[in-house]
Amino acid sequence: MRADATRNLERVLSTGARMLADDPSVTIAAIAAAAGVDRRTVYRRFASREELMAAVYGARYDAVEEAVEAARLREAPVAVALHRYAEGIIAVNRKWPVETSRMLREETIRERRRRLIEEVDLFLRRATDEGLLRSDLPPGWVATVLPSLLEHAAERLPDLSPAQAADVVVDTLLRGAGAAPPSPVRASPA
């Protein structure tokens with residue numbers, strides 16, 4: 001694919017992701033116009049709106065897989081891997097803000113998602129085994145809470161960079177949202 005065609009495709013897909021997040025019924029013509037490409041260009045590449053949506057979802061999962069790989073969940077020290085993972089996923093959620101539940105109709109996406117969940121679950125077990133995460137929580141609790149923290153950080157902390165938002169997520173996950181307990185009162189020596 002030519003470099004300009006690649007850039008156009010990337011623009012169409014990322015614009016489509018943002019517009020679909022705002023309005024799931026947005027048209028191909030509207031996406032093409034917002035991306036600054038001729039709608040015929042989009043229609044030559046995608047025969048239907050569903051094909052375009054599938055490509056947007058595929059691009060999102062490509063980005064998620066790249067973020068998981070870059071985090072080095074199996075090799076990096078757990079605290080480093082957790083921060084890299086959070087930063088990468090926050091960046092993905094910002095660039096590809098599409099509603100992920102719609103993606104699950106696609107069998108290949110479901111399979112990719114299943115593999116990613118397994119990878120993160122293995123990492124969270126490693127983080128627990130190595131003492132970064134508490135072992136007394138109900139099974140699967142951190143895996144349930146972490147995606148929500150990442151999604152909310154991407155959406156509700158727009159003024160923070162992905163790295164800064166990851167700091168907030170990791171701090172919240174590891175230390176919670178409660179105030180630090182008061183220091184014990186010590187009796188003065190007599």
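Since this is a predicted model, take the numbers as computed values, not measurements.

## Things to note about the overall build of the protein chain
- When helices and strands are tallied, the protein chain shows 9 helices and 0 strands.
- Scanning the protein chain from its N terminus toward the C terminus, one meets helices and strands in the order α-α-α-α-α-α-α-α-α.
- The C-alpha atoms of the protein chain give 21 Å as radius of gyration, which overshoots the globular expectation for 190 residues (16 Å, by more than 25%).
- Each of the three principal axes of the protein chain carries a C-alpha extent, and together these read 85 × 30 × 30 Å.
- Here the protein chain holds 190 residues, and 34% of them are scored as buried.
- Residue pairs at least 24 apart in sequence account for 70% of intrachain contacts in the protein chain once pairs closer than 6 positions are excluded.
- Taking the 28 positively charged and 28 negatively charged side chains of the protein chain as two groups, their mean positions are separated by 3 Å.

## Points about the pattern of salt bridges
- What the rule picks out here adds up to 12 salt bridges.
- Residues arginine 72 and glutamate 75 are paired through a salt bridge, measuring 3.9 Å at the closest nitrogen-oxygen approach.
- Where glutamate 118 meets arginine 114, a salt bridge forms, and the shortest distance between an N and an O atom there is 2.3 Å. Of this pair, glutamate 118 and arginine 114 both sit in helix 7 (residues 107–129), 4 residues apart, roughly one helical turn.
- When its relative accessible area of 41% is taken as the criterion, glutamate 118 is described as partly exposed.
- You can call arginine 114 partly exposed: its relative accessible area is 37%.
- Several salt bridges share partner residues, and in doing so they unite Glu111, Arg114, Arg115 and Glu118 into one network.

## Section: the nonpolar core
- Counting 53 residues, the largest nonpolar core has Val56 and Tyr85 as its most contacted members.
- Looking at this core, the elements with two or more residues in it are helix 1 (3–22), helix 2 (28–35), helix 4 (49–71), helix 5 (78–95), helix 7, helix 8 (141–156) and helix 9 (162–175).
- The element contributing the most residues to this core is helix 4, with 11 residues.
- Beyond its immediate chain neighbours, meaning those up to four positions away, tyrosine 85 contacts Val68, Ala71, Leu73, Val120, Leu146 and Leu150.

## Concerning helix 1
- In this model, helix 1 (20 residues) spans 29 Å end to end at C-alpha, consistent with the 28 Å of a helix rising 1.5 Å per residue.
- Turning to helix 1, its buried residues are Leu9, Val12, Leu13, Ser14, Thr15, Gly16, Ala17 and Leu20.
- Where the residues of helix 1 are buried, they touch helix 2, helix 3 (39–45), helix 4 and helix 5.

## Regarding helix 7
- For helix 7, built from 23 residues, the straight-helix expectation of 33 Å at 1.5 Å per residue is met to within 8% by its first-to-last C-alpha distance of 33 Å.
- Among all positions of helix 7, only Ile109, Arg112, Leu116, Glu119, Val120, Phe123, Leu124, Arg126 and Ala127 are buried.
- Phi turns positive, to about 90 degrees, at glycine 131, one or two residues after helix 7.

## With respect to the packing of helix 1 against helix 4
- Orientation of helix 1 relative to helix 4, taken along the N-to-C sense of each, is 100 degrees, at an axis distance of 9 Å. In terms of orientation, helix 1 and helix 4 fall into the roughly perpendicular class. Of the residues in helix 4, those touching helix 1 at Val12, Leu13, Gly16, Ala17 and Leu20 are Arg49, Leu52, Met53, Ala55, Val56 and Ala59.
- Its residues assigned to classes, the contact of helix 1 with helix 4 comprises 9 nonpolar, 1 polar and 1 charged.

Conventions we followed
Residue positions are given per chain, counted from 1 along the sequence in the order it is written. Residues qualify for local features only when their pLDDT is at least 70, as the model is predicted, and side-chain atom pairs are given and counted only at 80 or more; totals for whole chains, interfaces and linings, by contrast, use all residues. Side-chain measures were taken over the full set of non-hydrogen atoms in the model, leaving aside hydrogen atoms and water. For the purposes of this entry, the term helix denotes a DSSP run of H or I that reaches at least four residues, the term strand denotes a run of E that reaches at least two, and both are numbered from the N terminus. Note on method: radius of gyration uses C-alpha positions; expected globular size equals 2.2 Å times residues raised to 0.38. Burial status follows relative accessibility: with a 1.4 Å probe on protein chains alone, a residue under 20% of its type maximum counts as buried, one over 50% as exposed, and anything between as partly exposed. Note on contacts: a residue pair qualifies if any of its non-hydrogen atoms lie within 4.5 Å across the two residues. For the charge count, each Lys or Arg is scored as positive and each Asp or Glu as negative, with His and the chain ends excluded. Where a charge lies is defined by one atom per residue type: Lys uses NZ, Arg uses CZ, Asp uses CG and Glu uses CD. The rule for a salt bridge is simple: a side-chain nitrogen of Lys or Arg has to be within 4 Å of a carboxyl oxygen of Asp or Glu. Among the buried residues, those of types Ala, Val, Leu, Ile, Met, Phe, Trp, Tyr and Cys that are joined through side-chain atoms within 4.5 Å form a nonpolar core. Expected span of a helix: the number of residues minus one, times 1.5 Å. The axes used here are C-alpha line fits, helices contributing only the stretch in contact, and every angle between their N-to-C directions lies in the interval 0 to 180 degrees. Here the angle decides the label: under 35 degrees means roughly parallel, over 145 means roughly antiparallel, 65 to 115 means roughly perpendicular, and every other value means oblique. For this classification, Asp, Glu, Lys and Arg are treated as charged, while Ala, Val, Leu, Ile, Met, Phe, Trp, Tyr, Cys and Pro are nonpolar and the rest, including Gly, are polar.

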